[in-house]
Amino acid sequence: MREELGRVAGPHGEVALWRRTTEDGATVTELVVDGVFAMDDVETSTERALATEALARIDGAELAVLVGGLGLGWTTATVLATPGVAEVLVVELEDALIGWAVEGLLPGLRRVGDPRLELVAGDVAAAFSPDRFDAVLLDVDNGPDFLVHASNAGLYSPAGLARALGAVRPGGVLAVWSADPAPTLLHRLAALPGAVDAEQLVLPVEREGRVFEYALVLVRRSA
Ligand SMILES: C[S@@+](CC[C@H](N)C(=O)[O-])C[C@H]1O[C@@H](n2cnc3c(N)ncnc32)[C@H](O)[C@@H]1O
């Protein structure tokens, strides 16, 4: 059974949220952008790892975290559940997703009333204020080589990545989710001024009998 929870024609194409029941009775929420499957929550370990792996590399308390974008809310929920996090700014291109989160339609994110959480509609690149965050977590495309929106290309250019790392305070971490290992992104991040400890974690995930290799690319801003 597949039920449409919401559908909105936005400036970046149509966005739709679906809920379906699998053969074994599990409920799955699915996001479709411009008629193309964007993600579902059958397996969200890597979306959650984007938060846990980045935050595990940061010392300190009262952490401020930028998340772009919201998607189904798994990364954001994991950030909120991490001890020491004081402030979470989530920037999401699709207004509709923020509305659905507030309505409680995103099963991964039940704590939209959390006073530490701010949900803002827009382009995450506009939130790259210098030295503003302890962690910047980016999951806005299927990866630097598989863009959901062509307008995101600038984000992965050396200049775009430098702005993203510049938004990280010294000692903090920039982390990027990718649907494939991303060696070019790793090299670009490692080459940025002030970048240290660039690394890629390749995370195998099994879906419907197939193994996919998703990746997280992380870099620290020198202290
Ligand atoms: C794959 S989803 C994110 C999944 C999320 N990590 C989770 O745990 O559910 C990608 C999201 O990024 C949003 N997005 C795409 N480009 C963006 C941008 N430039 N700024 C902010 N959000 C963007 C999309 O609308 C989509 O909701």
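For the structure, check the block above.
These remarks concern the structure in this document.

Reading the values: the criteria
- Residues numbered from 1 in each chain as written.
- Predicted model: local features only at pLDDT ≥ 70, side-chain atom pairs only at ≥ 80, totals over all residues.
- Heavy atoms only, no water.
- Buried < 20%, exposed > 50% of the residue type's maximum accessible area, 1.4 Å probe, protein only.
- Helix = DSSP H or I, 4+ residues; strand = E, 2+ residues; numbered from the N terminus.
- Pairing = 2+ DSSP bridges.
- Right-handed = clockwise from strand over helix to strand, strands pointing away.
- Phe/Tyr/Trp six-rings, centres within 6.5 Å; stacked < 30°, edge-to-face > 60°.
- Lys NZ or Arg CZ within 6 Å of the ring centre and 35° of its normal.
- Axes fitted to C-alpha atoms, helices over the stretch in contact; angles between N-to-C directions.
- Contact = heavy atoms within 4.5 Å.
- Near = heavy atom within 4 Å.
- Polar contact = N/O pair within 3.5 Å; in protein donor to acceptor, adjacent residues only side chain to side chain.
- Areas by Shrake-Rupley, 256 points an atom, 1.4 Å probe, with all protein chains shown as cover.
- Nonpolar A, V, L, I, M, F, W, Y, C, P; charged D, E, K, R; others polar.

1. What to know about the pairing of strand β9 (residues 168-178)
Judged by how many residues are buried, β9 sits mostly within the fold: nine of 11 residues are covered. Alignment of strand β8 (residues 133-138) against β9, held across five bridges, turns out to be parallel. From the neighbouring strand, Leu137 faces β9, where its bridge partner is Ala175. Traced from β8 through helix α4 (residues 158-166) to β9, the parallel crossover comes out right-handed. Bridge count for β9 against strand β11 (residues 210-221) is six bridges, and the pairing is antiparallel. Opposite Ala175, over in β11, you have Leu218 as the bridge partner.

2. Considering the packing of aromatic side chains
Counted by the stated rule, this structure contains two aromatic pairs. Ring geometry for Phe212 and Tyr214: centres 6.1 Å apart, planes at 25°, overall stacked. Overall, the relative accessible area of 14% leaves Tyr214 in the buried class. Taken together, the aromatic side chains of Trp177, Phe212 and Tyr214 make up a single cluster linked through ring pairs. A cation over a ring is seen here: Arg2 above Trp18, with NZ or CZ 3.9 Å from the ring centre.

3. What to know about unusual backbone geometry
Cis geometry is adopted by the peptide bond preceding Gly69, which originates at Gly68 and carries an omega value of -5°. Note on placement: Gly69 falls in the loop between β5 (63-68) and α2 (74-80). The phi angle at Asp34 is positive, at roughly 55°, despite the residue not being glycine. Tracing the sequence through the fold places Asp34 in the loop between β3 (27-33) and β4 (36-40). Located in the positive-phi region is Glu62, a residue other than glycine, with phi close to 55°. On the basis of relative accessible area, Glu62 is assigned to the exposed category, the value being 63%.

4. Things to note about the sheet that holds β11
The strand order across the open sheet formed by seven strands is β7-β6-β5-β8-β9-β11-β10, and the pairing between neighbours is mixed. Each having just a single partner strand, β7 (117-121) and β10 (195-207) make up the two edges of the open sheet. Strand-to-strand twist in this sheet, taken as the mean axis angle between neighbours without regard to direction, amounts to 15°. Sheet contacts for helix α5 (residues 183-190): β9, β10 and β11; angle to β10, the most-contacted strand, approximately 160°.

5. Section: the site of the ligand
The environment of the ligand is made up of 21 residues, and the closest members are Leu72, Thr75, Glu92, Asp139 and Asn152. Backbone polar atom of Gly73 to an oxygen atom of the ligand: 3.1 Å apart, as the coordinates give it. Here Thr75 contributes a backbone N or O atom positioned 2.8 Å from an oxygen atom of the ligand. Relative to its unbound accessible surface of 600 Å², the ligand loses 96% to contact with the protein. Those elements that provide at least two residues to the shell around the ligand are α2 and β6 (85-92). Taken together, the residues of the shell around the ligand break down into nine nonpolar, seven polar and five charged.

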